[in-house]
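# Report on the structure
Take a look at the letters that make up each chain.
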Amino acid sequence: MTTAIHDIGYRHYDGPRHGRAFIVRSLYLYNLRAVFGLGRGAKAKIIPVFLFVCLLLPAAVDVAILAFIKEPKLLMNYSMYPLWVQPLIAIFLATQAPVIASREIRFKTVPLYFSRPVRTLDFVLAKFLAFVTALFALIAIPLTLLHLGFLLTRSGMVKNVREAGPLAELGKVPSVVHQSGLYLAALAGCLLFALVLASFALVIAAYTPRRGFGVAAVIAVYLISNVVVAIIQGVAISSGNWDLAKWMNLFTPFPLVDGVQTGLLHADVGSRGETVGPRTAGGGLLFLAANVAVVAGSLSVLLARFRKAGQ
Amino acid sequence: MPIIATRDLSMRFPRVTALESLSFTVEPGVTGLVGANGAGKSTLIKILLGLLPPSGGQAQVLGLDIAAQGSQIRERVGFMPEYDTLPPDVSATEFVVHMARMSGLPATAARERAADVLRHVGLYEERYRPIGGYSTGMKQKVKLAQALVHDPQLVFLDEPTNGLDPNGRDEMLGLIRRIGAEFGISVLVTSHLLGELERVCDHVVIIDGGKLLRSQAVEAFTQTSGQLLVEVEDRSDDLGRLLFDRGVAVRPEGRFLMIDIADEKTYDQIRDGVVELGLALIRMEQARHHIEEVFQQ
């Protein structure tokens, strides 16, 4: 019987069949590639690559200026980098979250996964982690460039300060250890940004299967939450209610994460202004709890959403 | 060993009963699952894949229990849904390779199997183009390819001929026959068109309103009816009258004559009649029943 089949051309597969770990890893890489449009047409690559370059640009320019002017005060506040570039990150969230969260719901591809040995939880986690990885890379790579720039130009800054003024001024050039500590804290902040922003964007995108609506919905939630929070904070501050202004940061994505940076990660307040979030460990922990709740809640919503889409 | 066995399988949704104590077995080979739209065919497939827990009853697929061993079942079966299920922005190759990996095939094997199976379903150069530009027939082939790429022991094909033109339909039915006969993969194929399944299936399960109407071999449906179908080039009326006058039970049916076979002599009488009238005999064959008649009864 088997010889007959071979004669005709169909070959049975009797090689290895990998298990859960392999499938999850493949799914993770497939989604990670999809975020950046790899394996798709050129059109799918334009937006993510353009945004990545845009995010890298301020850091690259800062390093270049630092190399010329050698002034320590030109060093960027690492923990604020995600806040400065947040409109760009928001656009990335809006355009790329639908690629991960709604594409396969819209084209009804999900049942093809669940009719295979793919578990719902694995499917959702692989998607989530792929998007978190993409976001983390998007924010952390420019930050790393900034820090590398500091390490390379530090000796120049020291020389510059020594030539220009009294030795006491040398204290203005941060030590490698100090600045590296800030860098690591900012990286932890990046990871939290990636986790929370991915949760927020993926849930919205998963419920707006039409891609255009998905993009609009993510941007709308981002903008509206910012505007509403800013208005309430403005009113609160003008009436002297500083506490309310601080706690309002819980209700919009970027300040929600930033509260952990200022409260727990000892981020330099810098130019954050009067609406800065908590400055104490207690407040920071509360913000961290809110972050964890957002991530956990989003994951369970995504799980339910994809389970339904897979039937 | 039966590849599918159900016992008292029921599925009740809040407002409809999709399946009602369905019990049947399916042996290896090509089996048709027939029923009108909404008869519960797709629901049954979802239950057999272990994706939807039934409200009651039990079922085994490839000897594995749907409730306890769903994951093992899904490693061994393929599924082609009836609806459009393909992302338009990737090529057929890229998509089928990805689906092979989702069944646990290593990268190289996934690529080889995808190339093989796309060739078997009849997709060649176009497999490198994005699926969005494909015709319905080509999309159906990609859906079939992804169901076969991991070399399953059994495939569930849900309405594979839906939306196809007559040529595409013939090609798809030919493929289904080959999957069962040449590839050695058992097939459970659904359709609301009985005539189609009669051509490719060994066995047919008919459900109506979620209940089992019939489960039997196609041969049993289409066994000889004890009648002869006779076609002559012209003047079949004259032949009919002549035979009737000689005591043969005959009735016209369109261009044909249906003649009850009384005994061996009937054949001779027909032959003699044709010769006497100088007619051209085109065919004389055993008339067979059609599955459709089950519904007409």
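Conventions and cut-offs
Residues numbered from 1 in each chain as written. Chains lettered and ligands numbered in written order. Predicted model: local features only at pLDDT ≥ 70, side-chain atom pairs only at ≥ 80, totals over all residues. Helix = DSSP H or I, 4+ residues; strand = E, 2+ residues; numbered from the N terminus. Buried ≥ 20, exposed ≤ 12 C-beta atoms within 10 Å, placed from the backbone. Contact = placed C-beta atoms within 7 Å. Nonpolar A, V, L, I, M, F, W, Y, C, P; charged D, E, K, R; others polar. Pairing = 2+ DSSP bridges. Axes fitted to C-alpha atoms, helices over the stretch in contact; angles between N-to-C directions. Core = buried A, V, L, I, M, F, W, Y, C linked by C-beta atoms within 7 Å. Parallel < 35°, antiparallel > 145°, perpendicular 65-115°, else oblique. Left-handed = near helix turned anticlockwise from the far one by under 90°. UniProt positions renumbered as here; feature names shortened; annotations may be inferred. Expected span 1.5 Å × (residues − 1).

## Let's talk about the overall build of chain A
When helices and strands are tallied, chain A shows 13 helices and zero strands. Tracing chain A from N to C terminus, the helices and strands come up as α-α-α-α-α-α-α-α-α-α-α-α-α. Viewed in the frame of its principal axes, chain A has a C-alpha envelope of about 90 × 50 × 35 Å. Looking at chain A as a whole, 40% of its 311 residues qualify as buried. Here the analysis covers contacts within chain A between residues at least 6 apart in sequence; of these, 77% occur between residues at least 24 apart.

## Considerations on the interface of chain B and chain A
Interface size is commonly expressed as the accessible area that is lost once the parts come together. On the side of chain A, 33 residues touch chain B, which itself brings 36 residues to the contact. Contributing elements (two or more residues each) for the side of chain B that touches chain A: helix H2 (70–76), helix H3 (92–102) and helix H4 (107–121) of chain B. Broken down by element, the residue count for the side of chain B that touches chain A peaks at five residues, all from H3(B). The class makeup of the residues in the side of chain B that touches chain A is 16 nonpolar, nine polar and 11 charged.

## Brief notes about the sheet that holds strand E6 (residues 77–80) of chain B
Residues and elements named next belong to chain B. In space, the six strands of this open sheet follow the order E6-E7-E8-E3-E9-E10, with mixed pairing throughout. Of all the strands in the sheet, just E6 and strand E10 (211–217) have a single pairing partner and so form its edges. For this sheet, the mean inter-axis angle between neighbouring strands, taken without regard to orientation, is 15°. As defined by bridge partners, strand E3 (residues 30–34) adjoins strand E9 (residues 203–208) across four bridges and the pair is classed as parallel.

## Topic: the nonpolar core
Among the nonpolar cores identified, the biggest contains 148 residues, and Phe131(A), Leu202(A), Val96(B) and Val155(B) are the most heavily contacted of them. Per-element accounting of this core gives the leading share, 17 residues, to helix H9 (residues 176–206) of chain A. The residues touching Val96(B), leaving out its near neighbours within four places in the chain, are Ala114(B), Val117(B), Leu118(B), Val142(B), Ala145(B), Gln146(B) and Val149(B). Counting residues in hydrophobic clusters, the runner-up holds 11 residues, among them Val230(B), Leu239(B), Leu242(B) and Val248(B).

## Description of the pairing of strand E1 (residues 4–12) of chain B
Residues and elements named next belong to chain B. Where E1 and strand E4 (residues 56–61) come together, five bridges link them in antiparallel fashion. Bridge pairing links Ser10 to Gly56 in E4. In this structure, E1 lies alongside strand E2 (residues 17–26), joined through six bridges in antiparallel fashion. Following the sheet pairing, Ala5 is matched in E2 by Thr25. Two successive antiparallel strands, E1 and E2, enclose a turn made up of four residues.

## Digging into the packing of H9(A) against helix H12 (residues 253–263) of chain A
All names here are of chain A. Running from N to C, H9 and H12 point in directions that differ by 150°, and their axes come no closer than 10 Å. Considering their axes alone, H9 and H12 lie roughly antiparallel with respect to each other. The two elements H9 and H12 cross, and the hand of that crossing is right-handed. Contact residues: H9 offers Gly189, Leu192, Phe193, Val196, Leu197 and Phe200, while H12 offers Pro253, Leu256, Val257, Val260 and Gln261. When grouped by side-chain class, the residues that make up the contact of H9 with H12 number nine nonpolar, two polar and no charged.

## Quick look at the UniProt feature "transmembrane region" (unreviewed entry) in chain A
Taken from the UniProt record, the annotation "transmembrane region" (unreviewed entry) applies to residues 46–69, 81–102, 123–150, 182–206, 213–237 and 285–306 of chain A. End C-alpha to end C-alpha, residues 46–69 of chain A measures 34 Å, and it is 100% helix and 0% strand.

## Some thoughts on the sheet that holds strand E5 (residues 64–65) of chain B
The sheet built from four strands is open, its strands ordered E2-E1-E4-E5 (chain B) with antiparallel pairing. Two strands close off the open sheet at either side, each with one partner strand: E2 and E5 of chain B.

## Some details on the environment of Leu93(A)
Residue and element names in this part refer to chain A. Looking at the secondary structure, you find Leu93 in helix H5 (residues 86–101). Among the residues examined, Leu93 registers 28 C-beta atoms within 10 Å and is labelled buried. In this structure the C-alpha to C-alpha distance between Leu93 and Ala201, which are 108 residues apart in sequence, comes to 6.1 Å. Contact partners of Leu93, with chain neighbours within four places excluded, come to Leu197, Ala201 and Val218.

## A closer look at helix H10 (residues 265–277) of chain B
In this model, H10(B) (13 residues) spans 18 Å end to end at C-alpha, consistent with the 18 Å of a helix rising 1.5 Å per residue. Among the residues trailing H10(B), Gly278(B) stands out with phi positive, at a value near 65°.

## Considerations on the environment of Lys246(A)
Residue and element names in this part refer to chain A. Inspection of the secondary structure assignment puts Lys246 in helix H11 (residues 242–247). The exposure class of Lys246 is buried, given the 23 C-beta atoms found within 10 Å. Expressed as a C-alpha distance, the spacing of Lys246 and Ala236, which sit 10 residues apart in the sequence, is 9.4 Å. Ignoring anything within four residues of it in the chain, the contact list for Lys246 reads Gly277 and Pro278.

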